[in-house]
Amino acid sequence: MMDAVNLSRRPQLRRKRDRFWLTVGLCALTAALIFLPFQIIDGGFFHYAGDFNGQQIGFYRYMNGFVKGMGYPDGLTSVNGHSLPSNTFSWATDLGSGVMNAYSFYLYGSPFFWLSTLFPQSWLPYLMCPLLVLKFAVAGGGAYLYMRRYVKNLDYAVLAACLYTFSGFGIYNIFFNHFIDVVALFPWMLWALDECIYNGRRGLFAFFVALNLLNNYFFFVGQVVFLIIYFVCKLTTGEIKLTRGLFGTLAFESLLGVAMGCLLVWPAFLSLLQNPRTTDISSGWGFLTYSAVQQYLAILVSWILPPDSPYIVSIWSEGTIKWTSMTAYLPLCSLAGVVAYWRARRGDSRKRIVAVCAVFALVPVLNSAFYAFNASYYARWYYMPLLIMAAMTVNAWEDPDTDLERPTGAIAWAMLATLAFALVPVSEGEDGWSLGVMENPEQYLAVLAFGLGGLILYQWLARGRAEQKQFCRRMLAAVLAFSCVFGIVHIGIGKFGQWNYDSDLVEQYQDSIALQEAFPEGDWRVDTYNAHDNLGLWMDKSCLQFFDSTVAPSILSFYSSLGFVRDVRSNPDASYYALRGLLSVRFTIMPEDERQNFEAAVSSGWTYYDSVGGFALYENDNYLPMGFTYEYYVPEDTVESMFTEDACALLVRALGLSEEDIAAYGQYLTPLPEEMQQEFTYEQYVQDVALRRQSACSSFQMTNNGFGAEIQLERPNLVFFSVPYDDGFTAYVNGQETEILRVDNGLMAVLCPEGQSTIDFVYVPAGLSLSRTVTLAALVVWAAYTGFFVWRRRSR
């Protein structure tokens, strides 16, 4: 009934002064006030902790330059009259990765990123806060547009939008930065869906489906699940009358939106199919129950208390808690408004939506449905029911007959109940007894203080709601003030928790830029030792130490076959000297005060080269140029069966081939004798490196779409490149397309003839041709479809 009443009021609401820009301005101002103290403390270069520092700042800065062609030069531009693309391959991303697939999860499809390219690359570290302010403003604007359909007074739509924008989820995920893009754009899609259902507006929903899909395919999977829940719940409560016309329109616009947005998705999908992190699916009890009881308690507490810092846990010692975005807290009031609404309404779609989402949160297989049934636990979909909960809250506030005070007491008692974790007796054996099972009592007390303090203020305001206009304004002021103060404290806990560790962060990033001019000419890799994450991005150099979840999947398989763990970062220990030779690492970079530790860790094989800024550079005595040949091969299974250190040394001595490639190409190499597969000393490694150097490429050049090389061979042989295998690569030897072998469980080689050969590898993301064609065709259809309905509406 509520929807029907509100829909009847739409003409009246439209005649009132709209509050859209007011909402946008309030959200922008509040976000600016949250970040301003830190921007001042950091001298303009805002840095937070963890992922924000290691990934988000560097990704934005690096990609700003990459898409402008400021990195490596163009490679092969045409073959047989057919032009080839440029700016498709990123050498600075781990061992090298296709840029579209590596960054479409983070920023490649984000409108906020492309807006940032209007500014110089050097500005980006200083624009992170302004960009976040813009994202919060866009989130508030979209939430307002969605909310205004369901309120009598537009001021409450402003209030609901602020509740959503500065929810615990929004504040928590500043840590991840690009998650805020999703929070910002999702309400626009839900608003467009309502516009299509209730107002018959055409084309808008398809547009925002495409925009959200382009922005982040990972989150879009969850958005599809939520939209189904949203639609079905509205349908079953009678708030939507499903007709053939409506069903056909929604189905058509949904498919059209997906088609328009599939430009990045299809190549990413083909890549992700090869990534073991995305193909790991739960089974058995993992479908039905979480492995730790604490996981259930943490989920329940996340609905009522403000969130912990993403990497600091207050209470829990078991379960998957850190970095999961597990928070559904509404600022100031927590669930008090939602409970008040719940008690006052019957047969309501919002109650069903929230109830269904609660069940999904508590059942692992249902929770994983938001992530294509991946086994890894995340709660990164909570922002969607939070939008509904914000609407429920303001509807409860707007209705004078709703009891606001009684639920407040219940939520307060629920918060106080968490004190049990601080007061429960714990036996310490011979040392006696202690109180509490807290991991970080100080953070818990701060979070509890904010939760209870917000409820006390909310209770006081609720008692004075007789004057609705004043009540709404006071509540809005309280929500924004609470959000501002809590946001500052929340960021401060995470930021200052790593203050000592990050004290030289900005200095290292700036010094690494200066290293580019200090390096000698040539293309090779670098390594870092006890330095901050992703310095390779700042140097625009391929670096062994790299922190990114979506690099080329063959990097993961290569490291795994050697016994390294490669999940979200590559960080092989410095002691594995043979790996550095195999991967053509020429320099290791470290802070000056780490020189003694480095020399103790590697013992030999490195020579001090120079000091630049705060960094010391050591040159690899056993550096191997990129691209070389072998006399011997070994089956890849042999490599996988060996200890990590021996396996690395073995791959400098012999090329690892699959059984299929041995049958097809084994004639060009000799099987490695058994006695040469057993002893691997440093002295023998030096000899193996010397042999590889004798048959190395005479030139090697990294390009922005692959690489080129030249080599002189005395006989036909396989030429190895320590570049991650990818289906998107095409190899040309002397202008002729040549088959690429997947060797060493993830790297590449090609067969070259006797004599001088020119080798070119060109990268185009697999599936891009199809996805680009579909997107262009869909855009034409969307323009015609939308244009027709705009013309028809105007003609009426």
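Residues numbered from 1 in each chain as written. Predicted model: local features only at pLDDT ≥ 70, side-chain atom pairs only at ≥ 80, totals over all residues. Heavy atoms only, no water.

Q: Please set out the overall build of the protein chain residue by residue, giving values where relevant.
A: The helix and strand inventory of the protein chain stands at 33 helices and 24 strands. Over its C-alpha atoms, taken along the principal directions, the protein chain stretches across nearly 90 × 80 × 50 Å. Each of the 796 residues in the protein chain was classed as buried or not, and the buried ones make up 60%. For the protein chain, restricting intrachain contacts to residue pairs at least 6 apart in sequence, the fraction spanning at least 24 positions comes to 77%. (Helix = DSSP H or I, 4+ residues; strand = E, 2+ residues; numbered from the N terminus. Buried < 20%, exposed > 50% of the residue type's maximum accessible area, 1.4 Å probe, protein only. Contact = heavy atoms within 4.5 Å.)

Q: An account of a negative patch on the surface is needed here, citing residue identities and associated values.
A: Where like charges cluster on the molecular surface, the negative patch consists of Asp 637, Glu 640, Glu 659 and Glu 660. For the negative patch, the secondary-structure elements that each account for two or more residues are α29 (636-640) and α31 (659-665). Note that Asp 637 resides in helix α29. On the accessibility criterion, Asp 637 (52% relative accessible area) is exposed. (Patch = residues over 30% accessible without salt bridge, like charges linked within 9 Å, V, L, I, M, F, W, Y side chains within 5 Å. Areas by Shrake-Rupley, 256 points an atom, 1.4 Å probe, with all protein chains shown as cover. Salt bridge = Lys/Arg side-chain N within 4 Å of Asp/Glu carboxyl O. Lys, Arg positive; Asp, Glu negative; His and termini not counted. Charge placed at Lys NZ, Arg CZ, Asp CG, Glu CD.)

Q: Can you lay out the layout of surface pockets for me, pointing to particular residues and giving the numbers?
A: The volume enclosed by the second largest pocket comes to roughly 400 Å³. Lining the second largest pocket are 15 residues, and of these Phe 205, Leu 227, Ile 228, Leu 250 and Ser 254 lie nearest its centre. Going through the elements one at a time, α10 (178-199), α11 (204-215), α12 (217-236) and α13 (244-272) are the ones with two or more residues in the lining of the second largest pocket. Looking at the lining of the second largest pocket element by element, the count peaks at six residues for α12. (1 Å grid on protein atoms, 1.4 Å probe; cavity = no way out; pocket = protein on both sides within 12 Å on 5 of 7 lines; lining within 4 Å. Points joined across faces, edges and corners; volume = space filled by probe spheres on them.)

Q: Give a detailed account of the environment of Trp 114, specifying residues and quantitative values.
A: Note on placement: Trp 114 falls in helix α6 (residues 111-116). Here the alpha-carbon distance between Trp 114 and Asn 64, two residues 50 residues apart in the chain, equals 8.3 Å. When neighbours within four sequence positions are excluded, Trp 114 is seen to be in contact with Val 67, Leu 107, Tyr 108 and Gly 109.

Q: Give me the lowdown on the packing of aromatic side chains, citing residues and values where you can.
A: Throughout the structure, instances matching the rule amount to 95 aromatic pairs. A centroid spacing of 6.0 Å and a plane angle of 70 degrees characterise the contact between Tyr 630 and Phe 720, whose relative ring orientation is edge-to-face. Placement of the pair is Tyr 630 in the loop between β13 (628-629) and β14 (632-635) and Phe 720 in strand β19 (residues 717-721), with a sequence separation of 90 residues. Just as Tyr 630 is buried, Phe 720 falls in that class too. Against the face of Phe 176 rests Arg 380, its NZ or CZ located 4.8 Å from the ring centre. Over the ring of Phe 547 we find Arg 569; its NZ or CZ atom is 4.1 Å from the centre of that ring. (Phe/Tyr/Trp six-rings, centres within 6.5 Å; stacked < 30°, edge-to-face > 60°. Lys NZ or Arg CZ within 6 Å of the ring centre and 35° of its normal.)

Q: I'd like a rundown of empty space enclosed by the protein, residues and numbers included.
A: Unfilled space is identified by rolling a water-sized probe across the atoms. According to the stated counting rule, one finds six cavities of 30 Å³ or more in the structure shown. Of the voids in this model, the largest cavity is the one considered here, and its volume is about 240 Å³. Contributions of two or more residues to the lining of the largest cavity are made by α15 (293-302) and α22 (441-462). Looking at the lining of the largest cavity, the element that brings in the most residues is α15, giving three residues. Across the lining of the largest cavity, the residue classes tally to 15 nonpolar, four polar and two charged. (Nonpolar A, V, L, I, M, F, W, Y, C, P; charged D, E, K, R; others polar.)

Q: Break down α13 for me, with residues and values.
A: The end-to-end C-alpha distance of α13, which contains 29 residues, comes to just 36 Å, noticeably less than the 42 Å that a straight helix rising 1.5 Å per residue would cover. Helix geometry: α13 is bent most strongly at Cys 262, by close to 70 degrees. (Expected span 1.5 Å × (residues − 1). Bend = angle between axes of the 7 residues up to and from the residue.)

Q: Explain the pairing of strand β24 (residues 755-763) to me, and be specific about the residues and the numbers.
A: Within β24, seven of the nine residues are buried, leaving the element largely enclosed by the surrounding structure. Judged from the five bridges that link them, strand β20 (residues 729-733) and β24 form a sheet pairing that is antiparallel. Residue pairing in the sheet places Phe 729 in a bridge with Tyr 763 of β24. (Pairing = 2+ DSSP bridges.)

Q: Give me the lowdown on the pairing of strand β12 (residues 615-620), citing residues and values where you can.
A: Along any regular strand, the residues point their side chains to alternate faces of the sheet. The buried fraction of β12 amounts to five of the six residues, a majority that puts the element mostly inside the structure. Across five bridges, the pairing between strand β10 (residues 585-591) and β12 is antiparallel. Paired with Pro 591 across the two strands is Phe 615, which belongs to β12. Direction of pairing for strand β11 (residues 606-612) relative to β12: antiparallel, over a ladder of six bridges. Residue pairing for β12: Trp 606 is matched across the bridge by Asn 620. The hairpin turn running from β11 into β12, its antiparallel successor, is two residues long, and Gly 613 in that turn takes a positive phi close to 60 degrees.

So far we have only geometry, and geometry alone does not tell us how the molecule works.
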